[in-house]
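# Fold and geometry: a report
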Amino acid sequence: MDLCEIRGGRLDVITEEAEHQELLSRGPSTMDPHSGASDRGRRANISTFQRFSVDTDDSLRFEPCEDSPSTTGAEDGLDEDDDDDDVFKEGETETEIVTTRNQLQGKVVEMENFAGHLEEIFLTVEESFGRKEQHLEQHYNDVLLTLSQRYDERAAGLEEEKKSKLEALYRQLLTCGRALDASKELIEAAQEVHRSRDKRLFLQTVMPTMKRMEEFAKDEVDLTLSTRLEFDTPIADLADVKTMMDSINVVPAPSAPVINPQLPGSATQTSLRVCWSLFSDDTVEYYELYYRPVLEDTPADSTCAPHVSKVKVKETHCTVTGLLPDAQYELWVTATNTTGISPASEKALYMTVPSPPVIKQRECSSCPEAAMLRWESGNTNPVDSYTVELSEMGADGTESGVSESIVAVPTCQCLIQLQAGRGYLISVRAVNIGGPSDRSDVITVSTTGTFFRLLEDTAHPCLSLSEDGFTMFYGDEELPIGSMALDDRTFTRCVAVLGDLIPVRGRHYWEVEVDYGTEFRIGVAYEDTDRSSYLGANNTSWCMRHIVTPSRHKYEFLHNGWSPDLRITVNPERIGVALDYETGTLSFFNVALEQHLHTFNCHFQTYVQPCFSLDNPGALTVHNSIEAPQYMFV
C-alpha cells in the first residue's frame, strides 16, 4: 500500500470524526425549524459508517453496519430511548474508529521500519556489486597485461631467430663469392696459357697452372643452405594466463575486518550495537562476531576464561542481546566467503549501559531555593557522567508533564536550583559511552522549608539516632573510653551531633522539640568546629543552652564561652531556630508563644551546620521541612 494513501486515509478518518463531533454538538436552537429532519438524517447517515477495514492494497474503506438505523423519515417517531441507543452506538463507533486508527498507525510504523531495512539491504547489494565489478575489471586488466608480456617476449624471440638466419646466409654467400672469384681467376689463367705462342713459356707455365687447377678441384664447395628457412614455432606457456582466467570465478579469501569504536548511545543494559568495516574489495558471504565479558578477577589460566559466544550475520552491523548490565565486552569479527575465512579483526571493548544509581535519601537535603542530591553509582565500571531528571509534582502527587534534565554531572552529588513552595519528583541516570541507564527510584523533594537529617558519622558514641535521622537519644549507661569508636569527625567531649544542612546562602528554619528535664545545647557550628570542645565554648559555634538547677531552669546563649544575662520565665517545649545568611543573624523562638528569645548577630565566613548536644540523658527531636512563620525573619 502506498504510504501517501495510508496517511491520506487517516486524515479522511480524522475529518469525518471532526464533522461527526460538530454535528453532535449543535443544538436545535442553532438551526432553522425545518432542519430537524435533515439533521436526524445526517446523524443517521453518519452512524451508518460504524466501522471501516484496512486492506493491504487499498485505501481506507468504510462498511455500513447491518444493524444501522434506517435513513427514511420513519425514524421521526422514535422515542427518547431510541435516541439514547443511537448515541450509545455512535460512542461505540468512535471508540472503534480510534482503535482501528491506532492499529493503522502501528502498521505504518512497521512498514516504515521494514522500508528502512530494505534500504539497508539495497545499499549492501550495491556495495557487493561494486566490489564484484572492481574485482572483474582487475582480473581483466591482469590478463591483458600478462598476454601483452607474452607477445613482447615472443616477438623478441622471432627477431633474434631472424637475425641469426640472415647472418648465417650472409656468411655462406660470402664463401660462395670467394669460390667463384677463385675459379674465375683459374679459368682466366688457363686461357692465357692456352693462347700463348711461345712454346718455351707455355711449358714453363702450364704445369703450375695444372697443379693449381687440380688443387682447386680437390676443394669441395658446400652448396647446401647453412640454415633452415622455416622459423621455430615453440609451444606458448600460457598456464599462468589460464590460472588467472580460472581465478575470475574463484573469490579470494577476505582480509581482516576492522571493528569501529563504540558510538554514543549504541547500547542498553542488555544489548550492544556493533559496527565494523571491510577496507578492501573482498567478497564476503557472512560475518561471525565473537564476544565475551571482560572480568577483572579472571585468573590467567585459560580454562577459567569467560565463555566466548558468536553471532552469524550478513551485514556489517549486529545487535548483540542477552548481555549483563554495566559490563565490558571484548569483541572481534571474521569474514567468510566460499574460499575461506579471514584473519580475526583486532579486539575492541564495548560497554553496556550502567545500572541505575541508588539515591541516598539519608544524605539528601533541601531548602526553599534548592536541593542537594547525593547518590551511589552502584556500578563496578567507570561512569562518564550522571543526568538528574526532575519534574514538578501535581496536586494529586503524580508527575506533571513539565520536566527538566541536568546533564553531565561529574560526581555523585548535585545542587539543584528549585522554586519555593513546590513539590518535585527527582531521579538520576548514570551515563557512559553506551548510553544512559534506567532512572533510579524517584524521591520526593519539597521546597516548603529547610530539610536535613542528623549526620551519624559526627555523633558522639554515647548518642543513638533514630532510623529516620531526626531524633537523638542519650542513655543512662556510660561507655568506657576504650570502647568508643572515635575518628576526626566524631565529637569526643561534648555529647553532640551535627545536622546536614544544605550549603545554600539564604534563610533556613527548623524546630527542635525538647523535654522539660533535659539539659541541651542547640544552635549552629562550622563544620570544622573543635570536636573536643563544648558547643558555644569556642568561636566556631553559637548555641542556646538549657541548664536544670534545683531552684530554676537557666538558659544561656553562648558564643566563645560568653552569654548575655537573660532570664526566660516560660520554659519552651518547641524551639524555633532561624538562620539568615544575608543579615548574618541566628535567632531562637518559643514556637508555642511566638516569643523571640535571642538573636546572635554575626557574619558567617563559611557555611554552618545545625548542632545539637545533650548534657544529661534524654532526647531531642528535630522538625524540619516547615515553612517559616512570617514573624521569624522580620
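Residues numbered from 1 in each chain as written. Predicted model: local features only at pLDDT ≥ 70, side-chain atom pairs only at ≥ 80, totals over all residues. Heavy atoms only, no water.

### Looking at the confidence of the model for the protein chain
In plain terms, the rule: In predicted models, pLDDT denotes the confidence assigned by the predictor to each residue on a 0 to 100 scale. The criterion used for residue contact is that any of the two residues' heavy atoms lie within 4.5 Å.
In the predicted model, the protein chain carries a mean pLDDT of 80, and the fraction of residues at 70 or more is 81%. Confidence drops under a pLDDT of 50 for residues 1-18, and excluding neighbours within four residues, the segment shows 26 contacts in the predicted structure. Confidence over residues 23-78 falls short of pLDDT 50; this stretch has 66 contacts with residues more than four positions distant or in other chains.

### Details of a negative patch on the surface
Applicable threshold: Each patch is built from residues that are more than 30% exposed by relative accessible area and take part in no salt bridge. Like charges join if they lie within 9 Å; nonpolar side chains (Val, Leu, Ile, Met, Phe, Trp, Tyr) join within 5 Å. Only the protein chains shown count as cover for residues, and the accessible areas themselves come from Shrake-Rupley with a 1.4 Å probe. Here, a salt bridge means any side-chain nitrogen of Lys or Arg that lies within 4 Å of a carboxyl oxygen of Asp or Glu. Here the positive residues are Lys and Arg and the negative ones are Asp and Glu; neither His nor the chain ends is included. Charge positions are represented by NZ for Lys, CZ for Arg, CG for Asp and CD for Glu. Think of it this way: any DSSP run of H or I at least four residues long counts as a helix, any run of E at least two long counts as a strand, and we number them from the N terminus.
Side chains of E214, E215, D219 and E220 sit close together on the surface and give a patch of like negative charge. As for its position among the elements, E220 is in the loop between α4 (199-218) and α5 (239-247).

### Quick word on a nonpolar patch on the surface
Where nonpolar side chains cluster on the molecular surface, the patch consists of F114, L118, I121 and V125 and spans about 360 Å² of accessible area. Its place among the elements puts F114 in helix α3 (residues 80-195).

### A few points about the packing of aromatic side chains
The way to describe two aromatic rings as a pair is by their centre distance and the angle between their planes. Here is the rule we go by: Note on aromatic pairs: the rings of Phe, Tyr and Trp (six-membered ring only in Trp) are paired at centre separations within 6.5 Å, and the planes decide the class, stacked below 30 degrees, edge-to-face beyond 60, tilted for the rest. Summary of the burial criterion: residues with accessible area below 20% of their type's maximum are buried, those above 50% are exposed, and those between are partly exposed, where the area comes from a 1.4 Å probe applied to protein chains only. Both a distance and an angle decide whether a charge sits over a ring: NZ of Lys or CZ of Arg must be within 6 Å of the ring centre and within 35 degrees of the ring normal.
Summed over the entire model, instances satisfying the criterion amount to 13 aromatic pairs. Ring centres of F557 and F588 lie 5.7 Å apart, and the angle between their planes is 50 degrees; on these two criteria the pair is classed as tilted. Linking F557 in strand β25 (residues 553-559) with F588 in strand β27 (residues 585-590), this pair joins segments that are 31 residues apart in sequence. Both residues of the pair, F557 and F588, count as buried. Each residue in the set Y526, W542, Y581, F604 and Y607 is aromatic and connected to the rest through ring pairs, giving one cluster. Lying over the aromatic face of Y286, K312 brings its terminal NZ or CZ to 4.1 Å of the ring centre. Just above the ring of F491 sits the side chain of R531; from NZ or CZ to the centre is 5.0 Å.

### Thoughts on unusual backbone geometry
Its identity as a non-glycine residue notwithstanding, D326 has a phi of 50 degrees, on the positive side. Structurally, D326 is set in the loop between β7 (317-320) and β8 (328-336). Although it is not a glycine, E594 adopts a positive phi angle of roughly 55 degrees. Inspection of the secondary structure puts E594 in the loop between β27 and β28 (595-601).

### Structural notes on the sheet that holds β25
So the rule is basically this: Strands pair, by our definition, only if DSSP identifies at least two bridges between them. Between the N-to-C directions of two axes lies an angle of 0 to 180 degrees, each axis being a line fitted to C-alpha atoms and, for a helix, fitted only over the stretch in contact.
Here five strands make up an open sheet; going across it, the order is β21-β29-β23-β24-β25 and the pairing antiparallel. On the outer flanks of this sheet lie β21 (496-498) and β25, each paired with one strand and no other. Between one strand axis and the next, the sheet turns through 15 degrees on average, direction left out of account. Here strand β23 (residues 520-526) pairs with strand β29 (residues 608-614) via seven bridges, running antiparallel. Note that in β29 the partner of I522 across the bridge is F612.

### Here we look at the nonpolar core
Threshold: Only buried Ala, Val, Leu, Ile, Met, Phe, Trp, Tyr and Cys residues count toward a nonpolar core, and they belong to the same one when joined by side-chain atoms within 4.5 Å.
By size, the foremost hydrophobic cluster in this structure holds 37 residues, and its most contacted members are F588, F604 and F612. Element by element, the count of residues in this core is highest for β23, at four residues.

### Remarks on the sheet that holds strand β22 (residues 507-514)
Strand pairs in the sheet, formed through backbone hydrogen bonds, run parallel or antiparallel to each other. Taken in spatial order, the seven strands of this open sheet run β19-β20-β30-β22-β26-β27-β28, and their pairing is antiparallel. Both edges of this open sheet fall to β19 (463-465) and β28, since each of them pairs with a single strand only. Averaged over all adjacent pairs, the angle separating strand axes in this sheet is 20 degrees, with direction ignored. Bridge count for β19 against strand β20 (residues 471-474) is three bridges, and the pairing is antiparallel. Counted as the bridge partner of S464 is F473 from β20.

### A short note on the pattern of salt bridges
Counting across every chain of the model gives 15 salt bridges. Where R545 meets D615, a salt bridge forms, and the shortest distance between an N and an O atom there is 3.8 Å. Of this pair, R545 sits in strand β24 (residues 541-548) while D615 sits in the loop between β29 and β30 (618-623), and the two are 70 residues apart along the sequence. Overall, D615 belongs to the partly exposed group, its relative accessible area being 25%. Here the salt bridges do not stand alone but share partners, grouping R521, R545, K554, E556 and D615 into one network.

### Looking at α4
Note: α-helices contain 3.6 residues per turn, so residues at a spacing of three or four share the same orientation. Let me state the cut-off plainly: Helix span, as expected, comes to 1.5 Å for every residue beyond the first. In this analysis the local bend is the angle between axes fitted, respectively, to the seven residues ending at and the seven residues starting at the residue.
For α4, built from 20 residues, the straight-helix expectation of 28 Å at 1.5 Å per residue is met to within 8% by its first-to-last C-alpha distance of 28 Å. T205 marks the point of greatest bend in α4, at about 30 degrees, and the proline P208 comes within the next four residues.

### Regarding the pairing of β23
Taken residue by residue, a regular strand's side chains alternate between the two faces of the sheet. Counting buried residues along β23, seven of its seven residues qualify, which places the element largely inside the surrounding structure. Relative to β24, β23 is paired through six bridges, and the arrangement is antiparallel. Bridge pairing in β24 places G523 opposite C543.

### Things to note about the environment of S587
Defined as follows: Two N or O atoms count as a polar contact when they lie within 3.5 Å, although within protein this holds only if one can serve as hydrogen donor and the other as acceptor, and sequence-adjacent residues are included solely when both atoms are side-chain atoms.
As for its placement among the helices and strands, S587 is situated in strand β27. Note: C-alpha distance between S587 and V577 (10 residues apart in sequence) is 5.8 Å. With sequence-adjacent residues up to four places away left out, S587 is seen in contact with G576, V577, A578, H596, H598 and T599. Here the side chain of S587 touches T599 through a polar contact of 2.8 Å, side chain to side chain.

### Brief notes about the side chain of H546
Mapping H546 onto the fold places it in strand β24. For H546, a relative accessible area of 1% translates into the label buried. Within the structure, the side chain of H546 is placed 2.7 Å from the backbone oxygen of T518, a separation counted as a polar contact. Within the local environment of H546, its side chain forms a polar contact with the side chain of H553, the two groups lying 2.8 Å apart. Other than its neighbours up to four places away in sequence, H546 contacts Y516, T518, E519, F520, H553, K554 and Y555.

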